[in-house]
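These are the residues of each chain, in order.
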Amino acid sequence: MALFNIVRVQSACPRCGATANAEVQFQYGSTRQNSYDVGNELQWGAHDVGERDLSQVVVDGVAEVTCTRCANPKDVDFYIFVTGNAIEKVEVADGRFDFAKSGDTYIALK
Ligand SMILES: [Zn+2]
């Protein structure tokens, strides 16, 4: 089983729009089941995925979002933007990046 990290975010429920907490799974940096918040620097040094020196990267992420209002768990894809080795922001994926095409869990933007 592949290991992954998580970043904790708040996201709108895809069904009713209420704010829900989500733990977005991703593989970038050291993949030792690290837990991050937005703004944290990524750790490296074990089971590394990607390249630490890249200045701006978007990483493929997925979370099961369970809404407190409608209690409807849904898998949601996310983009995790890493700038200067820190998690800058996390957005709901809109299809503009194609990780299947890149064949990797991340795409270098710069
Ligand atoms: Zn909902």
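Since the model is a prediction, treat every value here as computed from it, not as a measurement.

What counts, and where the lines are drawn
- Residues numbered from 1 in each chain as written.
- Predicted model: local features only at pLDDT ≥ 70, side-chain atom pairs only at ≥ 80, totals over all residues.
- Core = buried A, V, L, I, M, F, W, Y, C linked by C-beta atoms within 7 Å.
- Buried ≥ 20, exposed ≤ 12 C-beta atoms within 10 Å, placed from the backbone.
- Helix = DSSP H or I, 4+ residues; strand = E, 2+ residues; numbered from the N terminus.
- Contact = placed C-beta atoms within 7 Å.
- Pairing = 2+ DSSP bridges.
- pLDDT = per-residue confidence, 0-100.

1. Notes on the nonpolar core
Okay, step 1: Ranked by size, the top nonpolar core spans 23 residues in total, and within it Val7, Val24, Val59, Ile80 and Val82 carry the most contacts.
Okay, step 2: Looking at this core, the elements with two or more residues in it are β1 (5–12), β2 (19–26), β6 (56–65), β7 (74–83) and β8 (86–92).
Okay, step 3: Per-element accounting of this core gives the leading share, five residues, to β6.
Okay, step 4: Excluding its chain neighbours within four sequence positions, the residues that come into contact with Val59 are Phe26, Tyr28, Ile80, Val82, Thr105 and Tyr106.

2. Topic: the pairing of β7
Okay, step 1: Here 10 bridges tie β6 to β7, and the two strands are oriented antiparallel to one another. Pairing of Ala63 across the sheet is with Val76, part of β7.
Okay, step 2: Examined bridge by bridge, β7 and β8 share six bridges and lie antiparallel to one another. By the bridge assignment, Tyr79 is partnered in β8 with Glu91.
Okay, step 3: Here β7 hands over to β8 after two residues, with Gly84 in that stretch at a positive phi of 60°.

3. A closer look at unusual backbone geometry
Okay, step 1: The phi dihedral of Gln33 is positive, around 55°, even though this residue is not glycine.
Okay, step 2: Position of Gln33 relative to the elements: it lies in the loop between β3 (29–30) and β4 (35–37).
Okay, step 3: We note that Asn85 has phi near 70°; this positive angle belongs to a residue other than glycine.
Okay, step 4: Mapped onto the secondary structure, Asn85 falls in the loop between β7 and β8.

4. Re the confidence of the model for the chain
Okay, step 1: Mean pLDDT over the chain works out to 92, with 98% of the residues at or above the 70 mark.
Okay, step 2: At the level of individual helices and strands, the chain shows its lowest average pLDDT in helix α1 (residues 99–102), which scores 91, and its highest in β4, which scores 98.

5. A closer look at the environment of Val76
Okay, step 1: Tracing the backbone through its elements, the reader meets Val76 in strand β7.
Okay, step 2: Taking the number of C-beta atoms within 10 Å as the measure of exposure, Val76 has 19 and is therefore partly exposed.
Okay, step 3: Between the C-alpha atom of Val76 and that of Ile87, which follows or precedes it by 11 residues, the distance is 19 Å.
Okay, step 4: With residues near it in sequence (within four places) discarded, Val76 still touches Ser11, Pro14, Ala63, Val65 and Val92.

6. Comments concerning the environment of Ile6
Okay, step 1: By secondary structure assignment, the location of Ile6 is in strand β1.
Okay, step 2: The spatial distance from the C-alpha of Ile6 to the C-alpha of Val24 is 5.2 Å, given a sequence separation of 18 residues.
Okay, step 3: Not counting chain neighbours up to four residues away, the residues in contact with Ile6 comprise Glu23, Val24, Gln25, Ser35 and Tyr36.

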